[in-house]
Each structure stands twice: as structure tokens, then as C-alpha cells.
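# Architecture at a glance
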Amino acid sequence: MSRRARLGLLCTLRGVMAKELKLAFRYVGSLVTIAAMPFMVSGLFLGIGYAVAGPAAFRNFEANTGASSPLLYMTLGGVLMIASMVIVENTSTVIREEQLMGTFELHYLTPNSAVLLWLLHALAHSTLMILLFTLDVVAVVAWQGGLLTPYEWGVAAAVILLAMLPLAGIGLVIAALTVRFKEVWAAANLVNSFIAALSGFYYPLEIFPRVVQLAAGALPTTHAAEVLKSVVARVPVELPLWQRVAIMACLALAYLAVGKLFYSRWEDEARRRGELSKY
Amino acid sequence: MRRGGGGSSRSTKFARGARALLLEVEAAAEVGVRTYFRYVAWLVTDIVTTPAWLVLFITPILLFLPRDQWGDPRTLNFLFWGFILWDVVSAGLWSFGMAVRREQQMGTLEFLMLTNASRALLFSRSVYPRLISLALGLAYVYAFFRAIFGVEVLLLNPLGAAAVLLAGMATSLGFGLVYGALVFNFKNVGPLNNILQFVLLGVSGVFFPPALYPEPLRTVALATPFTYVADLLRFYAMGTQTVLDPATEWLVLTLYTAALLLAGVASLTLVERRLKKTGGLGAY
């Protein structure tokens, strides 16, 4: 029985993965946009930066960030930013979207835990984001005449996964808090903007006051950005890799626990009041 | 619809000429403004998230300058007005360009097509809330900008700047109507909007003068209407040099805007007629 239960989880994971990949590839335009956005944003920053600072622009950039390639630095940040936005938005809107499609109740007819099911969705999205990261970053590294080594890719993939999954915890909190107020997209936008600004995707956080750095340290994406910049773009960082990973693992557990707590409370309340199917 | 042409619910057949047009404008404005204020959470989120977007957008650009120039008022003013113009440019794609698509998704497109109202007026209803949000945006972006970066925002000629912003919104509307007709035809262009937005911002000199562009790009910039909006806005706000003479830029912008609006109205009519013939009007 327990073996069947374990296999059941794997079957659910396979089902969710298959569903999400089919959906992603059905809307190829969205997939292309997600892959192209880091280049669009980086291109805009590089263009404006060069226009503002002239030929000394890239030298100044290296002096300010420690990165010799602004394109790689910004693409890394861009991929991570887009990935975090996708995870937060997809998880936040999961209840509302399923309700609007009329499939929300169907999930409750299966023997799966709803929280686990939504986290598996986040796992599927994170896997997709790792694929996009590979595509974008390999392209930039290759364009600069280099190669992403298996070690670098392995660390980057693990760090992205470790940074994205806890965001699903934030998503579940937003989903649970806003499902009755309908405007879940506005709440996701709010959270996304502050994650994007505080994680240092496009700049080193050392340029900000200490209090901002402390707040940023509570975000898993901040540590992921630091690790990616140090491993892939060779930017010198303060903390060693294992310490960053340990912090990220602790943050992941905390975020997921909070997400589960909020969602379970909402679910219990909704079951008691008969609001699970109330739109 | 009653026999003999008697009106359906909101028909403007009872009015003619300019009065009918005004009634349609009033109805479009009413629905646009009501919808805007119905989603208060979006309004609040726009305000609350502004500091985060300002930091996210401006800090990476400052990294290309030596640290002692990060507070340079001229550069920061360029970026402030660019940030404001971003809203004007994106309105063309997201608000006006996607109006048809939104009606399709809400299932109300066919009902609108049953009326005798001008399609261009119906699909430009978001210009009214966009004007409100532009005015509000100027106020709160200014407040946050000053608080974060500590520089005075230059506004040498407020009337001139306001006139350019209004003209820019009309340009954006014209561009959006033409683009909307394409959306009408090709349906799901949401992903394209994201990419097109950055291309437009880049080639239109929204953040830096096109005079700094290398030659082939400079010609492309001068062929884009938003280049003149950006150039004239910086001229009135910051006193910067324009690429062409300001009067010539006004003339080009006015003609360009008029042409875009006419093209938008005509293309919407053409696409509607074609889709009605092929039965593609209700196909999503």
C-alpha cells in the first residue's frame, strides 16, 4: 500500500508535468516571449547605458559590478526575474484560474493533497524555467566564445529550483488571501515588483542601505542571483556557495511551511462554510 | 431590432451627425472610466509598486556611469521623462491595440458589432481612463522620483509638455487602432506585444535623443511617430535640443497622428467587413 502511495505521487508528478508541458507548448508565443524577455530588457538597459555613458560605459559597469560582460550579467538577472514572476503569478492565480475554467472542484475529487498538487505545478514550471535559463544563458555564453560547463549548469539548475519552489509558498499565501477578493493578479503584481526590485537581479545590492540589504536577504531569489552571478559570470561574492545554499534551503522550508499553513487554513474554512465552489 | 430600422437598445439612430458622435463618445468614456475605477486594487497596486519599478528600471542604467555621476540631474531627468513616456507608448499596444481582443475574450464583441456605433470610438474607450492614469501617474511618479533620487524634475514649459503628452496619447491611439485591426484579424498577439513594446521604446528615442543613434537606426527613429513625442516632450520639459526644428516636429507629429487615426478607422472597417464575409468575426 505504501509503495503504491509512493508511486501515486510519482504518477501525479508525471501527470502534472505532462499537463503543464502540453499547455506551455500549446501557446508557443508565450514561451517564445518568456525566452526573449531577458534579452529585450538587457538590450534596453545596454542601449540606454551606452547612450548615457558613451564608450566608457562597459568599463564603468565592470568597476561598479565586478562583471566584465554586462550582457551575461543582465541576462542572468533577467532569466531569474522572469522565472520568479512566472512562478509567483502562476501559483497565486492557480485557484482563481481553475475556478474560472470550472476544474477546481475536480482536483478535490482525486485522492491527492491540494497543496502538494499546486507545489507539483510549481515544480513543473521551475523545470520549464531551468530549460529556458539553459537556452538563454548558453546562447549568451556561446556568443562570447565560451561554454557552460556541466558543473556550472548543475549548480545553476539546482539553485534556480531552490529559489523558485519557495516562491510557490508566497504564491499559495496570495492565492489563499485573495481568492475571495477576486483581484489576485493585482496582489501578484505587487509581490512581483518588490521581489524584482529587492533581489538584485540587475545590480549589486551593496549599493543600497544596510536595511534594504537585510530585507533582501530574506528572499531566496537574492541568494540565487548572487550564486548565478558568481558561478556563471565570475562576479566575486562575499559568502561561499555552501553557505548560500544552506540559507536558501532554510528559506525554502520556511516559505513552503507558511504557504501550506495559509492555504490549509483557507481550505478548511472554505470547506466549513461551503465556499470551495463559490466564485 | 424592430422592422423598419427601429433601434436596438443603445442605438444612436435617434440622433444624427455630431450629436450621434458625441453620444457615442459619452458612452465610451462612461464605460471606460467606470471600468477603470471598478478595479481599485489595480490603481492602488500601480501607486504602491512605483518605487520598486523606478529602482528596478533606473539603477541598472546608472551602473554604466561612474559612481560620482549617479546623481547627475540631467541623466535622471532623461530617465524620468522616459519612464512617463513608456506609459504613453505601451498604451498603444496594451490598451488600444488589445481592446478588440478583450471584447472577444469577454464575449461582448458580437454585441458591440450589432450596434451602429463607430467601431473606432468603441475600441478607443480606454483613452479616457488612460488620460486619468497618465495625470495621476505624473503626480505619484514625480513624488517617488524626488524622494528616491533626490533631484528636482525639470518642467520648463508645463503647457507645452501637457500639449505634447496629449498629442502623444492621440498618436498612441492611432497606432493602437491600426494595431487593433491586425489583432482583430490575427487574434492572440499578447506575446508579440511584449517584444514589440521594447522594440518601440528602443527605436523611438524614448530614453535618449535619436541624435545619439548610429545612422541606419537614426533614420528608423525618425520614421517612428513616438520619436517626435519624446523629442518635443524633452524640449518643453528640459529645454533639450530637438533633432528637427520644433515647429517642423509638431507638423510631422500632427500629420503622422492624423494619418494613423484615419488608417485605424479605415482598417477596422475593412477587417470587420472581411471577417463578416468569411464568418471569422466570432472565431477566437
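Quick note: structure is the one above.
These lines cover the structure that appears in this document, whether it is placed above or below. For clarity, every value in this text was computed on a predicted model and none was experimentally measured.

### Overview of the overall build of chain B
The helix and strand inventory of chain B stands at twelve helices and zero strands. In terms of overall dimensions, chain B is globule-like: its C-alpha atoms have a radius of gyration of 21 Å, near the 19 Å expected for 284 residues. For chain B, the spread of C-alpha atoms along the three principal axes comes to 75 × 40 × 35 Å. Across the 284 residues in chain B, those meeting the buried criterion constitute 51%. Considering only intrachain contacts with a sequence separation of at least 6, the fraction spanning at least 24 residues in chain B is 76%. Once the 23 positive and 15 negative side-chain charges of chain B are each reduced to a mean point, those two points are 15 Å apart.

### As for the overall build of chain A
Within chain A, the regular secondary structure consists of twelve helices and zero strands. Taken from N to C terminus, the helices and strands of chain A fall in the order α-α-α-α-α-α-α-α-α-α-α-α. On C-alpha atoms alone, chain A measures out to a radius of gyration of 20 Å, which is about the 19 Å that the 2.2 N^0.38 rule sets for 279 residues. When the backbone C-alpha atoms are referred to their principal axes, chain A occupies close to 65 × 35 × 35 Å. Counting only residues that meet the buried cut, chain A has 53% of its 279 residues in that class.

### Points about helix α12 (residues 246–278) of chain B
All names here are of chain B. Compared with the 48 Å implied by 1.5 Å per residue over 33 residues, the 47 Å span of α12 between its first and last C-alpha is a close match. Inspection of α12 places Pro246, Glu249, Leu253, Thr257, Leu260, Gly264, Ser267, Leu268, Val271, Glu272 and Leu275 among the buried residues, and these make up the whole buried set. Gly279 occupies a position one or two residues after α12 and carries a positive phi of about 75°.

### Considering the interface of chain A and chain B
Listed by partner, the interface residues are 41 residues for chain A and 35 residues for chain B. Roughly 3200 Å² of surface becomes buried between chain A and chain B when both sides are summed, with 81% attributable to carbon and sulfur atoms. Only α2 (28–53), α3 (57–65), α4 (70–92) and α9 (184–198) of chain A provide two or more residues apiece to the side of chain A that touches chain B. Residue contributions to the side of chain A that touches chain B peak at 16 residues, all from α2(A). Grouping the amino acids of the side of chain A that touches chain B by side-chain chemistry returns 30 nonpolar, ten polar and one charged.

Calculation notes
Residues numbered from 1 in each chain as written. Chains lettered and ligands numbered in written order. Predicted model: local features only at pLDDT ≥ 70, side-chain atom pairs only at ≥ 80, totals over all residues. Heavy atoms only, no water. Helix = DSSP H or I, 4+ residues; strand = E, 2+ residues; numbered from the N terminus. Rg over C-alpha atoms; globule rule 2.2 N^0.38 Å. Buried < 20%, exposed > 50% of the residue type's maximum accessible area, 1.4 Å probe, protein only. Contact = heavy atoms within 4.5 Å. Lys, Arg positive; Asp, Glu negative; His and termini not counted. Charge placed at Lys NZ, Arg CZ, Asp CG, Glu CD. Expected span 1.5 Å × (residues − 1). Buried area = accessible area lost by both parts, 1.4 Å probe. Nonpolar A, V, L, I, M, F, W, Y, C, P; charged D, E, K, R; others polar.

All we've got here are geometric facts, nothing functional implied.
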